[in-house]
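Working through the structure, step by step
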Amino acid sequence: MTTVKDISEQGLLKVLHRFCPTEVVGDDAAIVPIQPHKSLVVTTDTLVDGVHFSDRTTSPEDVGWRSAAANLSDLAAMGAFPIGITIALGLTGDTPVTWVEKLYQGISECLQPYNTPIVGGDIVRSPIRTISITAFGQIEPSQTILRSNCQPQNAIVVTGVHGASKAGLELLLHPELGEFLTEAERSSLILDHQRPRPRLDLLTNLWNCLSLNSSNSVEKNQNSVLVGGMDSSDGLADAIVQMCQASQVGAKIDRNQIPIPSSLTKLVSPEQALKWALYGGEDFELVLCLPPICGQELVKKIGVGAAIVGTTTDDTDILLIDSQGIYPNEQLTLSQAFQHF
């Protein structure tokens, strides 16, 4: 008998996609048209005690923040703005009421900057604590970001540093690793793990850049500019590979252009820091494929941490290259990222 462990998370998703409309599934969230100029965007994420969080590394407030941030990040990856969330809790009978209150406090703190209400949910008894959030957003069809929108010769933009969340987790699990860090560096990395920021703040800048560059070119209509993208919650390499596969393009990623926190070189070797950046996950930045001039303008607007890390290509090879000629080319894969099964 074949088990989910035998086929992995990606294999199971392929099986389940058969039960869903092909035009809806396959991205960070589902898009449901509701009126001529607006679409509803829906996404669900589940966090499980012992898999995504633990009392050892995460306070209930931070569990709440991270659970909300994961959903808001998926909306941002689609180009959508949040309008509400529902929360389903699975709780053990001995869960302290104060733990649940603090969980909701963290959720509310994450939602507050975006004026996003909690509009419902469910509570059930469970042998393990679980938090499942469904987030609803809205979007104009012309401003939809899809994994399948990447075009050859697009710039591949990352909106912030990578590897910080993994470093923060390792510091929480092994505090002795941070002996050469300043207290500010240690706190910053831990905060990146416990309280990641969904990059909803970038959407207005993104569409302004595209509108400006479209109006200055022969393409006068912003609708003609396709934006490919997803978030990097499962790792930068995962995002790049999934986007390229969905768009049937290749990519060349320059290892020297990947933005990594400078403090990581005090924590681990440059090679390990690069591996954490590519495969560590939970950085919750956006990875976007844009026309080069738009990519340059967006990176300039975002500032520190944002970078163009590579270019999409006409073939299907997804390569990590070294512009300095020291390291050989490597094929980026999904196999080194976190696997649920």
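Residues numbered from 1 in each chain as written. Predicted model: local features only at pLDDT ≥ 70, side-chain atom pairs only at ≥ 80, totals over all residues. Heavy atoms only, no water.

1. Quick look at the UniProt feature "binding site: Mg(2+) 5" (unreviewed entry) in the protein
- Mapped onto this numbering, the UniProt entry annotates "binding site: Mg(2+) 5" (unreviewed entry) at Asp-234.
- Take Asp-234: it is sitting in the loop between strand 8 (227-231) and helix 7 (236-247).
- Its relative accessible area of 39% is what places Asp-234 among the partly exposed residues. (UniProt positions renumbered as here; feature names shortened; annotations may be inferred. Helix = DSSP H or I, 4+ residues; strand = E, 2+ residues; numbered from the N terminus. Buried < 20%, exposed > 50% of the residue type's maximum accessible area, 1.4 Å probe, protein only.)

2. What to know about the packing of helix 7 against helix 9 (residues 270-279)
- The N-to-C vectors of helix 7 and helix 9 enclose an angle of 50°; their axes lie 4 Å apart at closest approach. Between helix 7 and helix 9, the crossing angle belongs to the class labelled oblique. The residues of helix 9 that touch helix 7, namely those facing Leu-236, Ala-237 and Asp-238, are Ala-277, Leu-278 and Tyr-279.
- For the contact of helix 7 with helix 9, a count of residues per class yields five nonpolar, no polar and one charged. (Axes fitted to C-alpha atoms, helices over the stretch in contact; angles between N-to-C directions. Parallel < 35°, antiparallel > 145°, perpendicular 65-115°, else oblique. Contact = heavy atoms within 4.5 Å. Nonpolar A, V, L, I, M, F, W, Y, C, P; charged D, E, K, R; others polar.)

3. Some points on unusual backbone geometry
- For Asn-115, which is not glycine, the phi torsion reads 50° and is therefore positive.
- Its location among the elements puts Asn-115 in the loop between helix 3 (97-111) and strand 4 (118-125).

4. Notes on the UniProt feature "binding site: ATP" (unreviewed entry) in the protein
- Following the UniProt record, one finds the feature "binding site: ATP" (unreviewed entry) at Tyr-104, Gly-121, Asp-122, Arg-147 and Ser-233. A maximum C-alpha distance of 31.7 Å among these annotated residues, which run over 130 residues, shows that they spread across the structure rather than meeting at one spot.
- Within the fold, Arg-147 resides in the loop between strand 6 (145-146) and strand 7 (155-158).
- Accessibility expressed as a relative area gives 11% for Arg-147, which makes it buried.
- Ignoring any residue separated from it by four or fewer positions in sequence, one finds Arg-147 in contact with Gly-26, Asp-27, Asp-28, Gly-229, Met-230, Gln-242, Met-243, Ala-246 and Ser-247.
- In this structure, Ser-233 sits in the loop between strand 8 and helix 7.
- With residues up to four places along the chain from it excluded, the contact list for Ser-233 reads Gly-281, Glu-282 and Phe-284.
- At 3.0 Å, the side chain of Ser-233 and the side chain of Asp-231 are in polar contact. (Polar contact = N/O pair within 3.5 Å; in protein donor to acceptor, adjacent residues only side chain to side chain.)

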